[in-house]
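Single-letter residue listing:
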Amino acid sequence: MSTLKVGGIRGVSASSDAITVANDGTCSANVTSINGGQLSNRNKVINGGMTISQRHGTSAVQLSATEQYIVDRFKNDTGSSFDMKADASQSTDHPDGFSNSLKLVCDGVSSAGTDGNGGISTFIEGQDVQDFGFGNSNAKAITLSFYAKSAAQNANHTYSVMVGYSKDGTNARVKQLKSFTVTASWQRFTMTFQPTGVAQSAGITNSNAYGIQIFFSLAAGSNDLVSEITTWTEDAALVGVTGQDNFFDASGNELYITGVQLEVGSVATDFEHRSYCIELNECKRYYTSFPAGYIGGGRGGSGGSLLLYNYYLTTPMRAAPTFEPSSGWSSTNGIRAYKYNGQSDSTSTPTLGSGGYIGNTSFIYTSMAGHSIDDDRVASFTHNNTLGLNAEL
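Enquirer: Is there a simple way to think about the environment of Phe363 in this case?
Expert: Here Phe363 is to be found in strand 25 (residues 363-368). Residue Phe363 is classed as partly exposed on the basis of its relative accessible area, which comes to 27%. A sequence separation of 138 residues divides Phe363 from Leu225, and the C-alpha atoms of the two residues are 46 Å apart. Phe363 has contacts with Asn310, Tyr311, Tyr312, Leu313, Gly356 and Ile358, leaving out every residue within four places of it along the chain.

Right under this line is the structure:
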């Protein structure tokens, strides 16, 4: 082995060194990009390390044909009412350098038939991926990477990954599709999607709506099994690669996924670990909750039948949220209001007040029916159960 000893490295027409080498073996470098992308915030995926689980903590949830979020930003995604018979949870089984993964355990056999589809999706806002440059000849390659493993009994199963984008102007889905094969040991998978086909002429929707979808296909009906798609192609269907396995073909099959990263460029860089605080606040743009014991203030309105009040947010929400009361909300009481002459309970689901959502602000103006509070009388209130606010894509 030979050693090249230099004091610096400089471009042919440059006036200064790009890399300066010190005598102690260290160096300094003038770095303007990594892999053609930015130096930080390279990963477009929020909660790719599966560290945030606001809704369920580490408790398992039963999946079905109904779509629901598991860990933050990742949900089960179904087509043609396919029954995803599995328990899903945040797991502490992980590859080196991580702390969590998303875990699925099949707990019943389910066939995809001809048109069924089942898998896991995460969505990214269109305004956050405009640096992909889609829509002209300067469109960039993008690279997806993730870690995955299986149980021993479904080792060597092959599944698929579809990356799709929302076509600017029409919102039609444009996609590429590739396969991957899992084993009972953690592996890192990397896939580069070249800027070919429709990406040369049609950009990504530039708004706070869905821009990019990453779909891990775990079961696909016979009508939705196709060859790998390596050119950006307009097609609305959820699909899988011909020959892929059905994760739901036997109870006890397992799948673990973590370290999901989507970035500009044709090389997968190391997973970008962000602090727990940063990931949590980014997740709260899409979902946040106010627990039992939450205390606030409001007033009576609409002839005394409403409690009018604000929720104050740590992070502005993506869009006007829907309200998701916990299971105990309607059976006991959701909110108890304390007024000048007693108290008032209600099990109604709150709704947005008039002008209740203003984008990029830190409050939600809310009304709750079923109370008896004199108009304009000030009242304090206490949550007796948890209320979720959902602004997911």
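Still more to cover.
Enquirer: Just checking my understanding: could you explain the pairing of strand 20 (residues 306-312) for this structure?
Expert: Regular strands place their side chains on alternate faces of the sheet. Burial analysis of strand 20 places five of its seven residues in the buried class, which makes it a mostly covered element. With four bridges connecting them, strand 19 (residues 295-301) and strand 20 associate as antiparallel partners. When the bridges of strand 20 are listed, Gly301 appears paired with Leu306. In this antiparallel pair of consecutive strands, strand 19 and strand 20, the connection spans four residues, and Ser302 shows a positive phi of 55 degrees. Pairing of strand 20 with strand 25 involves six bridges; the strand directions are antiparallel. Looking at strand 25, one finds that Tyr309 is bridged to Thr366.

Enquirer: Teacher, can you tell me more about the nonpolar core here?
Expert: Buried together is how nonpolar side chains tend to be arranged in soluble globular proteins. Phe146, Tyr165, Phe180, Ile212, Ile214 and Val260 are the most contacted members of the largest nonpolar core, which has 52 residues in total. Membership of the second largest hydrophobic core comes to 19 residues, among which are Phe290, Met317, Trp329 and Ile373.

Enquirer: Would you explain a nonpolar patch on the surface in this entry?
Expert: On the surface, Leu4, Val6, Ile9 and Val21 cluster together into a nonpolar patch covering about 360 Å² of accessible area. In this structure, Leu4 sits in the segment before strand 1 (8-9). Given a relative accessible area of 74%, Leu4 falls into the exposed group.

Enquirer: Just to check I follow, could you spell out the layout of surface pockets for this structure?
Expert: Any empty space left between atoms is shown by rolling a water-sized probe over those atoms. If you add up the space inside the largest pocket, you get close to 250 Å³. Lining the largest pocket are 13 residues, with Asn43, Lys44, Ile46, Asp128 and Glu282 sitting closest to its centre. Looking at the lining of the largest pocket, its residues break down into three nonpolar, four polar and six charged. One number sums up the size of the second largest pocket: a volume of about 160 Å³. Lining of the second largest pocket is provided by Gln54, Arg55, His56, Tyr287, Ser289, Glu324, Ser326, Thr386, Leu387 and Gly388. When contributions to the lining of the second largest pocket are tallied by element, the ones reaching two or more residues are strand 18 (287-290) and strand 27 (387-390). When the residues that make up the lining of the second largest pocket are grouped by side-chain class, the tally is two nonpolar, six polar and two charged.

Conventions we followed
- Residues numbered from 1 in each chain as written.
- Predicted model: local features only at pLDDT ≥ 70, side-chain atom pairs only at ≥ 80, totals over all residues.
- Heavy atoms only, no water.
- Helix = DSSP H or I, 4+ residues; strand = E, 2+ residues; numbered from the N terminus.
- Buried < 20%, exposed > 50% of the residue type's maximum accessible area, 1.4 Å probe, protein only.
- Contact = heavy atoms within 4.5 Å.
- Pairing = 2+ DSSP bridges.
- Core = buried A, V, L, I, M, F, W, Y, C linked by side-chain atoms within 4.5 Å.
- Patch = residues over 30% accessible without salt bridge, like charges linked within 9 Å, V, L, I, M, F, W, Y side chains within 5 Å.
- Areas by Shrake-Rupley, 256 points an atom, 1.4 Å probe, with all protein chains shown as cover.
- Salt bridge = Lys/Arg side-chain N within 4 Å of Asp/Glu carboxyl O.
- 1 Å grid on protein atoms, 1.4 Å probe; cavity = no way out; pocket = protein on both sides within 12 Å on 5 of 7 lines; lining within 4 Å.
- Points joined across faces, edges and corners; volume = space filled by probe spheres on them.
- Nonpolar A, V, L, I, M, F, W, Y, C, P; charged D, E, K, R; others polar.

Don't take any of this as a statement about function, it's just geometry.
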